[in-house]
Each structure stands twice: as structure tokens, then as C-alpha cells.
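Below are the chains, spelled out letter by letter.
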Amino acid sequence: MKRAIVFLSLIILAIAVNYTFASAASRVTVSINPPSVQANMGDKITYTGTITNHSDKAVDNVIAYISLANITQGKESPMDLEDWSANKAIKVDAIPPHGTYEGKWPMRLIDSGSYVAYIMVVDKHDNTPVSSTMSHLEIQRVLRLNPNNVLPIALGEPVLIGLVFLFITIKRRKADK
Amino acid sequence: MKSAYIMQKEIRESILTPKGFIWYILTSIILSVLSYLFLTNSELSLLDQGQMLYLIMNFITALGVLIGLVFGADAFAGEMERGTLEALLISPLNKMEIALGKLGAAVTNWGIIFVISLPYLFVVGKGGQNVLIGIVYLAVLGTLLAVIFSAFSMGLSARIKSMKNALITSFFLFLLAGSPIFLSTAIRGTWFGSILDFINPFADAINTFDSVVIDSQGFSYQAGRVAIICGYTLLSLWFLKRSLSKLEM
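Just so you know, these numbers come straight off a predicted model, no measurement behind them.

A.B. asks: Teacher, can you tell me more about the overall build of chain B here?
C.D. replies: Of the regular secondary structure elements, chain B holds 13 helices and zero strands. Helices and strands in chain B line up, N terminus first, as α-α-α-α-α-α-α-α-α-α-α-α-α. By residue count, 51% of the 249 residues in chain B fall in the buried class. Considering only residue pairs separated by 6 or more positions, chain B has 76% of its internal contacts joining residues 24 or more positions apart. Only carbon and sulfur atoms are counted for the fraction: they give 70% of the accessible area of chain B, which is about 11100 Å².

Following this line, the structure appears as C-alpha cells:
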């Protein structure tokens, strides 16, 4: 029985050591700023990701990218950032020992709702990607009914051409008589 | 001057008629809907102002080319089917003068579409970049495209002598010219897509609009594409002249 307990304890210890080693093996951490944003549709915001190298060796060729997930009730889904952000992924050539790298992700807010943004860092020497905390993003809907005075043109021009059309038709009919 | 007489006759008979006018009312309704959507729809209204202007310019160009093709296909085959070609051919005008008069009417039609589109272009592009220069490019390249496609379709109309067949062939040509729109960005980026883009006058025009309105690039960037469009203009007029020599009752 004792042997079994010792054996099981050793296994648990080995797993714990392995887990600790794996955690410690992540040489980088990443943080996202601002931690929360409230804005309107159409606004432009910029997320800043700070990647910190905690090891004594330089970290090279890491990839950092931003992800956005819609958490609005009933619309939960990951977002395709093509329309939202110009540079989704950033390749960082090198971060010196105990140094940091700051990446910028400008984003145009396309649709209203509740979202979370987070930055992931992939280091090819690590088995586990590193993620930042989630930044909460609340986008308010903006309703514009007559931007650039489009309504007078959109309604007026077909009417105006219709009136010219009527004028020509009546003139032709009179000429035919 | 003789061509001007035919041009006036065509404008009176094809453009300043109730049926002809329907095109312009429809054009303005479509442009109204598009402009309103661009500026108010939650997703579309967030497009860059230059991007909106570019999309509207593409639409206007395509519409001008399409109506030019219909004009061209009707030019000789339509006259033949209505039984009026003989009277036209025995008039004191030679075939080229008749064709130039009809081509003038097709270009006038493009001019009317361009004038109708101006208020929409200004409203959609308001506050954006390169609006005026974009409109100048649209006027010049749109006119050249109207000549190219109308003259080519007119040449087909003289050769095929069937309006239906000339129209179908012209539409195939239009789809071929518009094919870059249907190709994915990845395919357009390959050598095959690049060559197809470069030798296609319609694609050259829309790429020029893109370069001028969105990328704010100067004339030196556009010179090659504009030269190709000018080359196609001459080629289409030569094709029309060759086709007219085969036109007889």
C-alpha cells in the first residue's frame, strides 16, 4: 500500500514538475492596452500589445496577432478582421533579453455590439501560444439618415429626370397632333 | 457635318424618346439607391470615401459600356431588321459617315449618363480625396471605353447582320472584359491575372480609377494603361471601318 502511495505521489510530482516546467518555458508574455474601450461605429481605435521577453536569451521570429470575438447575446462568433484592421499579424524579428516589443493594431469599428479583443503570441520554440488578457470593447450603433445631404439628390434627381421625360412626351404628342 | 445629321437623327429617335428616357430614369434610380446605401448602411457607410467613389465610378463606367453595346448592336443590324438600312445606304452619305454619326449618338448617350451621375459622385465623394481628378479620369476614360465598345459592337452588327446575335456576342465581350471583377484577388495577383488585367481596356480603366482615387497616384502611373485604352480606341475604329466594307444589302 505504501509503495502504491509513494508511486502515485511520484507520478503526481512528475506531472506537477512537468507542468511547472512548461509554464516556465514560456519565455514571453503579452499584454493588451487599453483594457476596455467604449466607442461608436465608424470610430478608429488602436490596440497596443506589449510583448515582454523574460528570459536571458533573445527571442527571435515570434508572431503576434490580434483576435476579436463577438460576445453579443445571440451573435457569438469570432470576427473576420479583414474589414476591421489593416495589419492583423506582426512578425517580430528579435526581442533582446528582458526587453519588450510594442506592436500597434489600428482598427476601424465596423459594427455595433459587445466584443472582446486579445493578442496571441506564437514562439516556435514553445509548444503553447501565449495570450494576453481580454480587452472588452463596446460599440454603440450610430444611425445617420441624411449624411452628406444625400437625400435631396437621391430623391430629387429621378423626379427631375421624370419631369423632363414628361415634358418631352407632352411636347411630342402636341407636335404629332 | 453629314455625320452630325445622322447623329442628330439618332439622338432624336433613340435618346429623346419616352423609351430612351426610361434608361436615364432607371440609371438615376439605381444610382440613388447605391449612393444612399453607401452613405447610410451600417457596413457600407464605413467604407473609405475614396473606396465609395471608386465603386460608384466602376458602376457608371460599366453602365455606359453596356448601353453603348446595345446602341452599337442596333446600329446596322437593327436598321436592317426594321427595313430602313437600304434607304440609309442610298442616301448621299457614305458608310463611314453613317457609322460616325451613330457612334456620335452612342457617345452622347454616355455623356448624358455621365452628367446624370455627377451629383451622385459629388455627394458620395464629399469630403474625400481626389474627387475632382477622379471625375476627370472618369470623363476621359469613360468616353474612350464608350467609343471602343460601341464601335466594336457596331462592327459586329455590320458583319453579323442580326441584332440578336450581335447583341449576344457583344454581351459575351462585355463579360470577358469585366472578368477581372469576377476573379479573386489572388488570381489577379498571378502573372496570368496581371497580363489579363493589363491587356483588358475595361480592367485598365477601373485599375486607373483605383490608382487615382484611392492610391492618389499621378499621371505617370496611369500613362501605360491610358496608352493601352487609346490603342484599343484606334483598333476598334479600324475594326468598324473594316466591317463597314463588308456591309451590303
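More follows now that the structure is in view.
A.B. asks: Before we go on, may I ask you to explain the environment of asparagine 207 of chain B in this structure?
C.D. replies: Residue and element names in this part refer to chain B. Mapped onto the secondary structure, asparagine 207 falls in helix α12 (residues 201-214). Taking the relative accessible area as the measure of exposure, asparagine 207 reaches 15% and is therefore buried. With 18 residues separating them along the chain, asparagine 207 and arginine 225 place their C-alpha atoms 8.4 Å apart.

A.B. asks: How should the interface of chain A and chain B be read in this particular structure?
C.D. replies: Interface extent is often summarised as the accessible area lost during association of the parts. With 25 residues of chain A at the contact, the number on the chain B side is 28 residues. The junction of chain A with chain B conceals about 2200 Å² of combined surface from both sides, 66% of it contributed by carbon and sulfur atoms. The largest per-residue losses of area from chain A upon contact with chain B belong to Asn148, Ile161 and Phe165 of chain A, which jointly make up 25% of the total buried on that side. Put simply, chain A and chain B have zero salt bridges between them.

A.B. asks: How should I be thinking about a nonpolar patch on the surface in this particular structure?
C.D. replies: Residue and element names in this part refer to chain B. Together, Ile22, Leu26, Ile29, Ile30, Val33 and Leu37 make up a nonpolar patch on the protein surface, roughly 470 Å² of accessible area in all. Its place among the elements puts valine 33 in helix α2 (residues 18-40). According to the relative accessible area criterion, valine 33 is partly exposed, its value standing at 47%.

A.B. asks: So what exactly am I meant to see when it comes to the packing of helix α3 (residues 49-75) of chain B against α12 of chain B here?
C.D. replies: Any two packed helices are characterised by how steeply their axes cross, that is the angle between the axes, and by the distance between the axes. Residues and elements named next belong to chain B. One can describe the packing of α3 onto α12 by two numbers: an axis separation of 9 Å at closest approach and a directional angle of 155°. One element, α3, and the other, α12, form an angle in the roughly antiparallel class. Considering only the axes of α3 and α12, their crossing is right-handed. Packed against α3, whose contacting residues are Gly50, Gln51, Leu53, Tyr54, Met57, Asn58, Thr61, Ala62 and Val65, the element α12 presents Phe202, Ile206, Phe209, Asp210, Val213 and Ile214 at the interface. Residue classes in the contact of α3 with α12 are distributed as 10 nonpolar, four polar and one charged.

A.B. asks: In this structure, what is going on with the nonpolar core? I would like to understand it.
C.D. replies: Grouped burial of nonpolar side chains is what soluble globular proteins tend to show. Membership of the largest hydrophobic core comes to 55 residues, with the highest contact counts inside it found for Ile60, Leu121, Leu138, Leu141, Phe149, Phe202 and Phe209 of chain B. Ignoring any residue separated from it by four or fewer positions in sequence, one finds leucine 141 of chain B in contact with Ala205, Thr208, Phe209, Val226 and Ile229 of chain B. Ranked by size, the runner-up nonpolar core spans 30 residues in total, among them Ile90, Ile95, Ala117 and Val121 of chain A.

A.B. asks: Where do I start with the sheet that holds strand β3 (residues 44-53) of chain A in this structure?
C.D. replies: Hydrogen bonding along the main chain pairs the strands of a sheet, whether they run parallel or antiparallel. Residues and elements named next belong to chain A. An order of β1-β3-β7 is seen for the three strands of this open sheet, with the pairing classed as antiparallel. Each edge of the open sheet carries a strand with a single partner, namely β1 (28-33) and β7 (100-108). For this sheet, the mean angle separating the axes of adjacent strands, direction not counted, is 20°. Examined bridge by bridge, β3 and β7 share nine bridges and lie antiparallel to one another. When the bridges of β7 are listed, threonine 48 appears paired with lysine 104.

A.B. asks: I would appreciate a short explanation of the packing of aromatic side chains in the present structure.
C.D. replies: Remark: the centre distance and the inter-plane angle together describe each pair of aromatic rings, the angle taken between the planes. All names here are of chain B. Summed over all chains, the structure comprises six aromatic pairs over all chains. Plain terms: the ring middles of phenylalanine 152 and phenylalanine 239 are 4.5 Å apart, the flat faces sit at 20° to each other, and that makes the pair stacked. Residue phenylalanine 152 is located in helix α7 (residues 131-160), and its partner phenylalanine 239 is located in helix α13 (residues 219-245); the two are separated by 87 residues in the primary sequence. Ring plane angle 70° and centroid distance 6.2 Å describe the contact between phenylalanine 174 and phenylalanine 202, whose orientation is recorded as edge-to-face.

Criteria and thresholds
Residues numbered from 1 in each chain as written. Chains lettered and ligands numbered in written order. Predicted model: local features only at pLDDT ≥ 70, side-chain atom pairs only at ≥ 80, totals over all residues. Heavy atoms only, no water. Helix = DSSP H or I, 4+ residues; strand = E, 2+ residues; numbered from the N terminus. Buried < 20%, exposed > 50% of the residue type's maximum accessible area, 1.4 Å probe, protein only. Contact = heavy atoms within 4.5 Å. Areas by Shrake-Rupley, 256 points an atom, 1.4 Å probe, with all protein chains shown as cover. Buried area = accessible area lost by both parts, 1.4 Å probe. Salt bridge = Lys/Arg side-chain N within 4 Å of Asp/Glu carboxyl O. Patch = residues over 30% accessible without salt bridge, like charges linked within 9 Å, V, L, I, M, F, W, Y side chains within 5 Å. Axes fitted to C-alpha atoms, helices over the stretch in contact; angles between N-to-C directions. Parallel < 35°, antiparallel > 145°, perpendicular 65-115°, else oblique. Left-handed = near helix turned anticlockwise from the far one by under 90°. Nonpolar A, V, L, I, M, F, W, Y, C, P; charged D, E, K, R; others polar. Core = buried A, V, L, I, M, F, W, Y, C linked by side-chain atoms within 4.5 Å. Pairing = 2+ DSSP bridges. Phe/Tyr/Trp six-rings, centres within 6.5 Å; stacked < 30°, edge-to-face > 60°.

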